[in-house]
Amino acid sequence: EGDGVISFDEDGIVFDTDEGDGVISFDEDGIVFDTDAGDGVISFDEDGIVFDTDQGDGAISFEENGVNFGTEDGSAFFGSGDIPDNWPADIGVPATTDPDQTFFTVFDTPDGSSMTGIFQHDPAEPYGARVQATLEATGWTSTFEASTSEGAQIQYTKGSNTAVVFYDDMGFASVSFVIAG
């Protein structure tokens, strides 16, 4: 939507549109951009895809079991397999979990963190019930519960922190935490 002109000159790829103007070029530093919305450099090195802009710096790294996004404001990890360092040890993971069907997301900021573990495990293992019992034994209060003979979803709070547990009778479980900073 809108009109625009793209040209190529000694400065690089020049664009002039109704939404904004700018130049994109390539040099020894990487991909350099200077636009009405901001400027910066995107490069590629042993840390992954590194960005240095007037709106923030950071890196996107590709790890064995996932992708990590890091900035000066915090980080986010999306992956499978390895248990994140800040995953609650007393919650753990199901003993019978399938590593190929175990996924974690972790968001860390100065204001706190949010993390979720998703597991597929042997339906005979009562992981969800164990998580419930652990949370309740460590001072978490149930604020919502919906359960049937096939599974449950329970929300807990402890101070300004929240936990949500979902599990079913087919071996699926999801545990999420939002922890204030």
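To be clear, the structure that these remarks concern was listed above.
Colleague: Could you give me a rundown of the overall build of the protein chain, with the residues and numbers involved?
Modeller: When its secondary structure is counted, the protein chain shows one helix and 15 strands. For the protein chain, whose C-alpha radius of gyration is 23 Å, the value lies well above the compact-globule estimate of 16 Å for 181 residues. Across the 181 residues that make up the protein chain, the buried fraction comes to 31%. Restricting the contact set of the protein chain to residue pairs at least 6 apart, pairs at least 24 apart contribute 31%. For the protein chain, the accessible area works out to roughly 10,700 Å², and carbon and sulfur atoms hold 54% of it.

Colleague: I'd like a rundown of the side chain of His121, residues and numbers included.
Modeller: Note on placement: His121 falls in the loop between β11 (112–120) and α1 (127–137). Judged by its relative accessible area of 7%, His121 is buried. In this structure, His121 is in contact with Pro94, Thr96, Thr97, Tyr127, Met170, Gly171, Phe172 and Ala173, ignoring residues within four places of it in sequence.

Colleague: Explain the side chain of Glu125 to me, using residue names and the numbers behind them.
Modeller: Assignment of secondary structure puts Glu125 in the loop between β11 and α1. Lacking a salt bridge, the buried Glu125 has Arg130 as its closest oppositely charged neighbour, with an N-O distance of 5.0 Å. Those residues in contact with Glu125 that sit more than four places away from it in its chain are Pro94, Ala95 and Thr96.

Colleague: How would you sum up the pairing of strand β13 (residues 151–158)? Please name residues and give values.
Modeller: Pairing of strand β12 (residues 141–148) with β13 involves seven bridges; the strand directions are antiparallel. Along β13, the bridge assignment pairs Ala146 with Gln153. Relative to strand β14 (residues 161–168), β13 is paired through eight bridges, and the arrangement is antiparallel. By the bridge assignment, Gln155 is partnered in β14 with Val164. Where β13 folds back on β14, the antiparallel hairpin that results is connected by two residues, among which Gly159 adopts a positive phi of roughly 65°.

Colleague: Quick one: what's the story with the environment of Phe172, residue by residue and with numbers?
Modeller: Within the fold, Phe172 resides in strand β15 (residues 172–180). By relative accessible area, which is 26% here, Phe172 ends up partly exposed. Setting aside residues no more than four positions away along its own chain, Phe172 makes contact with Ile118, Phe119, Gln120, His121, Phe166 and Tyr167.

Colleague: Give me the nonpolar core: which residues, what numbers.
Modeller: Of all hydrophobic cores here, the largest spans 20 residues; its most connected members are Trp87, Ile91, Leu135, Val175 and Phe177. Those elements that provide at least two residues to this core are β10 (103–109), β11, α1, β13, β14 and β15. Ignoring any residue separated from it by four or fewer positions in sequence, one finds Trp87 in contact with Gly92, Val93, Phe104, Met115, Thr116, Gly117, Phe119, Val175 and Phe177.

Colleague: Go over the layout of surface pockets, please, and point to the residues and values.
Modeller: Considering only enclosed or pocket space, the largest pocket measures out at about 250 Å³ in volume. Residue lining of the largest pocket: 14 residues in total, with Glu63, Asn68, Phe77, Pro84 and Asp85 positioned closest to the centre. Of all the secondary structure elements, the ones that give two or more residues to the lining of the largest pocket are β9 (74–80) and β10. With three residues, the top contributor of residues to the lining of the largest pocket is β9.

Colleague: Explain a nonpolar patch on the surface to me, using residue names and the numbers behind them.
Modeller: A cluster of nonpolar side chains, contributed by Phe69, Phe78 and Phe107, occupies part of the molecular surface with about 250 Å² of accessible area. Position of Phe78 relative to the elements: it lies in strand β9. The partly exposed category is assigned to Phe78, whose relative accessible area is 36%.

Each value, and the rule that gives it
Position numbers for residues start from 1 in each chain and track the written sequence from start to end. Only residues with pLDDT of at least 70 are given local features in this predicted model, and only at 80 or more are side-chain atom pairs given and counted; all residues enter the totals for whole chains, interfaces and linings. Side-chain measures here rest on the full set of heavy atoms in the structure, leaving out hydrogens and waters. Here a strand is any run of E in DSSP of at least two residues, a helix any run of H or I of at least four, and the numbering for each starts at the N terminus. Radius of gyration means the value over C-alpha atoms here, while the globule rule gives 2.2 Å times the residue count to the 0.38 power. The cut-offs for exposure are 20% and 50% of the maximum accessible area for each residue type, with area from a 1.4 Å probe on protein chains only; residues under the lower value are buried, those over the upper are exposed, and the others partly exposed. Whether two residues are in contact is decided by their heavy atoms: any pair within 4.5 Å suffices. For the accessible areas, the method is Shrake-Rupley and the probe is 1.4 Å, while residue cover comes only from the protein chains on display. Positive charges are assigned to Lys and Arg, negative charges to Asp and Glu, while His and the chain termini are left out of the count. Salt bridges are identified by distance alone: a Lys or Arg side-chain nitrogen within 4 Å of an Asp or Glu carboxyl oxygen. Strand pairing is assigned whenever DSSP detects at least two bridges linking the two strands. Within this scheme, the nonpolar core is defined by two criteria: the residues are buried Ala, Val, Leu, Ile, Met, Phe, Trp, Tyr or Cys, and they are joined through side-chain atoms within 4.5 Å. As defined here, a cavity is a set of points on a 1 Å grid over the protein atoms alone where a 1.4 Å probe fits but cannot get out. A pocket is an open set with protein on both sides within 12 Å along at least five of seven lines, and residues line them when an atom is within 4 Å of a point. Grid points are joined across faces, edges and corners, and a volume is the space filled by probe spheres set on the points. Patches here are clusters of residues that have more than 30% relative accessible area and form no salt bridge, with a 9 Å joining cutoff for like charges and a 5 Å cutoff for nonpolar side chains (Val, Leu, Ile, Met, Phe, Trp, Tyr).

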